[in-house]
Amino acid sequence: MPLTAKHRAALSWRTLLPWVVGALPVVCGLGVMNWQLEQEMQASSQATTRQVVAQVEHILDNLASAANTLLPLAGSPCEQAKLTLRAQVTRNAFVRSTNLFSHNTLYCTSLFGDFDEPVNPADYVDGTLWLMDGNSVTPGHALLVYRASDGDRGAISTVDGDHLLTALRLIGPDEELRIRVGDRWMGKDGIVHKGVPPAAASAHVLLGSTRYPFSVQGGYAAAQQGRLWRSHYPALLGLLLVLGAAAALACRWQIRRASSPRAELRRALEADEFLPYFQPVVRQGDYRWAGAEVLMRWNHPQEGLVRPDLFIPYAEHSGQIVDMTRALMMHTAQSLAPYAGLLEDGFHIGINITADHCRDLSLLDDCRTFLQHFPHGRVVLTLELTERKLIEPTPVTLELFEKLHAMGVMIALDDFGTGQSSLNYLRQFKVDYLKIDQSFVALIGADALSVHILESVIELSAKLGLGIVAEGVETAAQRDYLARHDVDFQQGYLFAKPMPAAQFLEALAARPGATQLPQRTPPEIMRG
Ligand code: G
Ligand code: G
Ligand code: MN
């Protein structure tokens, strides 16, 4: 059953797709957020490193100014220069000490006056800058030394490592920052290391000074990136999850809707999968075909031919039965019209309709279009209304039936005996035929009481002047009984089963005494 059976193969993607659709905004959002965070970290790392370089340059400007001022004094006796050395310490905020050297010997300091210590120019990068891990005054304490020289004489100024440390800690509290001077470097721990510092885990930046031989390395530790994630994005993350859930739900809803019976019927209608089958109705006496009932079949691509009891209830429930019947009438007209010559005049074509068709007057147009396919008077269109669901006699329905009658369309009450139509109902809708339900026909040959019911139905219709069609005739005994009781028409497997148009036309053409030959051979056309 196409409308109730679940397709197993389709089950997997149906359940998977909402998850994928839900995950998509979350994954994309996380990707974009991560990219944005990395951009921000890179920019901030660049800015911080640049600031540290500027600050260290500013400190070194202090040192250079002091050393260059003292340079002309290098070589003069310490006693004479001592006060000037101290004055420079006082005047320059970052200068901790000043010193003079001559012939690779430091001979005068601002702290002690006369002094004697070897100076090795090779310690200094470019002969000017040395990052020391301590001196005799403060061993183990970082110190940056600036050297200005003129031949083998010169002046030296120093800055305490604490000033550098303060710059690193204040300018970039969240970053990893390292000052590099030659093969020595100092990080935020204030310890001077030898060698090359490790690169930061993310947003690594290395910026050299253009004025002094040092560089600053910046970036973030791996743990810091996670911390930034958590502090930056919890609200956005929540929003992404909500978006993902909404997308997944919308997708699931859409899938459900697309696989609903309604959508399946709409698809089938567009694919023109509803076909007319024809079951002949034979006339009393000679049992020649006096008409046929059109029965809908669904030629489903996977399920094959589907009987109407499986899908008509859905179609009625969803209101699609009207469009489906219109398509069926169109199909019927197009199948039969080219072979109208095979039909005798007044050939009855029965179309099943439901209460939905009677809400407005559009059925009139459908019937008119149908009849226009045939030569005037060749076919009699009979609308079969089921007695199971009676139509409300509203002004619109009464007008509809009035106009249908005026057009020559006949009304048959289908499944008669199974519902509860009153005599008034038969009169109001100007019913022309009663189709006795097959359950009554099946009673023939059973107990005498049951047969009384059938007989009274036949009598009633005769009194009301209505034509009678007996449905579901399967045995010769039933046929003969109905003939004895003057039932006008019979329909059932005994005469013919419902059949496709090609077969129906073929059978019509093969009848003995078929008056006219077909213009074309039906089987070829219909089967092609
Ligand atoms: O042919 P049979 O098994 O096929 O039909 C089953 C039921 O479906 C019958 O009650 C018949 O009246 C109904 N039916 C068949 N075709 C149509 C149709 O085109 N429209 C409506 N409304 N009912 C139909
Ligand atoms: O309700 P309605 O009269 O439209 O239904 C016709 C239904 O009866 C179709 O399903 C058709 O296939 C079925 N039918 C037609 N002739 C016979 C018959 O002789 N025996 C049985 N059991 N069903 C029949
Ligand atoms: Mn019917």
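Predicted model only: the values in this text are computed from it and were never measured.

Rules used in this analysis
- Residues numbered from 1 in each chain as written.
- Chains lettered and ligands numbered in written order.
- Predicted model: local features only at pLDDT ≥ 70, side-chain atom pairs only at ≥ 80, totals over all residues.
- Heavy atoms only, no water.
- Helix = DSSP H or I, 4+ residues; strand = E, 2+ residues; numbered from the N terminus.
- Rg over C-alpha atoms; globule rule 2.2 N^0.38 Å.
- Buried < 20%, exposed > 50% of the residue type's maximum accessible area, 1.4 Å probe, protein only.
- Contact = heavy atoms within 4.5 Å.
- Areas by Shrake-Rupley, 256 points an atom, 1.4 Å probe, with all protein chains shown as cover.
- Lys, Arg positive; Asp, Glu negative; His and termini not counted.
- Charge placed at Lys NZ, Arg CZ, Asp CG, Glu CD.
- Disulfide = S-S within 2.5 Å.
- Near = heavy atom within 4 Å.
- Polar contact = N/O pair within 3.5 Å; in protein donor to acceptor, adjacent residues only side chain to side chain.
- Domains from an automatic or database assignment.
- Donors = N, O, S within 2.8 Å, 3.2 Å for Na, K, Ca; no water.
- Pairing = 2+ DSSP bridges.
- Axes fitted to C-alpha atoms, helices over the stretch in contact; angles between N-to-C directions.
- Nonpolar A, V, L, I, M, F, W, Y, C, P; charged D, E, K, R; others polar.
- Parallel < 35°, antiparallel > 145°, perpendicular 65-115°, else oblique.
- Phe/Tyr/Trp six-rings, centres within 6.5 Å; stacked < 30°, edge-to-face > 60°.
- Patch = residues over 30% accessible without salt bridge, like charges linked within 9 Å, V, L, I, M, F, W, Y side chains within 5 Å.
- Salt bridge = Lys/Arg side-chain N within 4 Å of Asp/Glu carboxyl O.

## As for the overall build of the chain
- Secondary structure summary: the chain contains 16 helices and 21 strands in total.
- Relative to the compact-globule value of 24 Å for 528 residues, the chain shows a C-alpha radius of gyration of 52 Å, a clear excess of over 25%.
- Based on the C-alpha atoms only, the size of the chain along its principal axes is roughly 155 × 45 × 40 Å.
- Within the chain, the fraction of its 528 residues that count as buried is 46%.
- Intrachain contacts of the chain at a sequence separation of at least 6 include 65% that bridge at least 24 residues.
- As displayed, the chain has an accessible area near 26,300 Å², and 57% of this comes from carbon and sulfur atoms.
- Looking at the chain, you have 46 positive and 55 negative side-chain charges, and the mean spots of the two groups are 2 Å apart.

## What to know about the state of the cysteines
- Counting across every chain of the model gives one disulfide.
- Sulfur-sulfur distance for the disulfide between Cys78 and Cys108 comes to 2.0 Å. Disulfide Cys78-Cys108: the torsion about the S-S bond is 70 degrees, which places it as right-handed. A residue pair is termed long-range when its members are at least 10 positions apart, and Cys78 in helix 2 (residues 78–91) and Cys108 in strand 2 (residues 105–109) qualify at 30 residues. Both residues of the pair, Cys78 and Cys108, count as buried.
- Unpaired in this structure, Cys28 has its nearest cysteine sulfur neighbour in Cys251, at a distance of 15 Å.

## Focus on the site of ligand 2
- Taken together, the neighbourhood of ligand 2 is formed by 14 residues, with Glu293, Asp415, Glu471, Glu474 and Tyr493 sitting nearest.
- One of the side-chain N or O atoms of Gln279 is found 2.9 Å from a nitrogen atom in ligand 2.
- With respect to ligand 2, the side chain of Asp415 contributes an N or O atom lying 2.9 Å from an oxygen atom.
- About the coverage of ligand 2: the protein hides 79% of its 520 Å² of free accessible area.

## Observations concerning the domain arrangement of the chain
- Taken as a whole, the chain is organised into domain 1 (17–224) and domain 2 (279–512).
- Computed from C-alpha coordinates alone, the two centres of domain 1 and domain 2 are separated by 103 Å.

## So, the coordination of the manganese ion (ligand 3)
- Every protein donor of the manganese ion (ligand 3) is listed here as Glu293 (OE), Asn352 (OD1), Glu384 (OE) and Asp414 (OD), and their distances to the metal cover 2.1 to 2.4 Å.
- Sequence spacing among the residues donating to the manganese ion (ligand 3) works out to E-x58-N-x31-E-x29-D. Taken together, the residues Glu293 in strand 13 (residues 289–300) and Glu384 in strand 16 (residues 379–386) connect sequence positions 91 residues apart. Each of the two residues, Glu293 as well as Glu384, counts as buried.

## Quick notes on the environment of Leu237
- Relative to the helices and strands, Leu237 is located in helix 5 (residues 234–258).
- Remark: the alpha-carbon pair of Leu237 and Met33, spanning 204 residues in sequence, is separated by 9.1 Å.
- Those residues in contact with Leu237 that sit more than four places away from it in its chain are Leu30, Met33 and Trp229.

## Quick word on the sheet that holds strand 5 (residues 139–150)
- Pairing in this open sheet of six strands is antiparallel, and the strands run 3-2-1-6-5-4 from one edge to the other. Edge strands, defined here as strands with exactly one partner in the open sheet, are strand 3 (113–118) and strand 4 (129–134). For this sheet, the mean angle separating the axes of adjacent strands, direction not counted, is 30 degrees.
- With five bridges connecting them, strand 4 and strand 5 associate as antiparallel partners. Opposite Met132, over in strand 5, you have Leu143 as the bridge partner.
- Packed onto the sheet, helix 2 meets strand 1 (97–102), strand 2 and strand 3 and runs at close to 145 degrees relative to strand 1.
- This element, helix 3 (residues 161–171), spans strand 4, strand 5 and strand 6 (153–160) of the sheet and lies at about 50 degrees to strand 6.

## Concerning the side chain of Gln279
- Following the sequence through the fold, Gln279 ends up in strand 12 (residues 274–283).
- Polar contacts involving the side chain of Gln279 include one to the main-chain carbonyl oxygen of Ala496, which spans 3.0 Å.
- Residues within four places of Gln279 in sequence aside, it is in contact with Gly291, Ala292, Glu293, Leu295, Gln491, Gly492, Tyr493, Ala496, Lys497 and Pro498.

## Some remarks on the site of ligand 1
- Near ligand 1 the following residues occur: Leu295, Met296, Arg297, Arg307, Pro308, Asp309, Ile312, Ile321, Leu328, Asn352 and Thr354.
- Residue Met296 places a main-chain N or O atom 2.9 Å away from a nitrogen atom belonging to ligand 1.
- A distance of 3.0 Å separates an oxygen atom of ligand 1 from a polar side-chain atom of Arg297.
- When ligand 1 is considered free in solution it has 490 Å² of accessible area, and contact with the protein chains removes 79% of it.
- In terms of residue count, strand 13 provides more of the shell around ligand 1 than any other element does, three residues in total.
- Grouping the amino acids of the shell around ligand 1 by side-chain chemistry returns six nonpolar, two polar and three charged.

## Looking at the packing of helix 8 (residues 321–336) against helix 9 (residues 362–372)
- Relative to each other, helix 8 and helix 9 sit at 10 degrees, their axes nearing to 9 Å. Taken together, the axes of helix 8 and helix 9 are roughly parallel relative to one another. Note on element contacts: helix 9 touches helix 8 through Ser362, Asp366, Cys367, Thr369 and Phe370, opposite Arg326, Met329, Met330, Thr332 and Ala333.
- For the contact of helix 8 with helix 9, the class distribution of residues is five nonpolar, three polar and two charged.

## A short note on the packing of aromatic side chains
- Summed over all chains, the structure comprises 14 aromatic pairs.
- Seen in terms of ring centroids, Tyr124 and Trp130 are 5.4 Å apart; in terms of plane orientation they differ by 65 degrees. Their pairing is edge-to-face. Here the two residues Tyr124 and Trp130 agree in accessibility, since each one is buried.
- Between Phe274 and Trp298 the ring centres are 5.4 Å apart and the planes differ by 50 degrees, which places this aromatic pair in the tilted class. One end of the pair, Phe274, is in strand 12; the other, Trp298, is in strand 13, and 24 residues separate them in sequence.
- Residue classification places Phe274 among the buried residues on the basis of a relative accessible area of 3%.
- In textbook terms, an aromatic cluster arises when at least three aromatic residues are bridged by ring pairs, as seen for Phe278, Trp289, Phe347 and Phe504.

## Some remarks on a nonpolar patch on the surface
- Together, Trp13, Leu16, Leu17, Val20 and Leu24 make up an exposed nonpolar region whose accessible area comes to about 480 Å².
- Among the structural elements, Leu24 can be located in helix 1 (residues 8–70).

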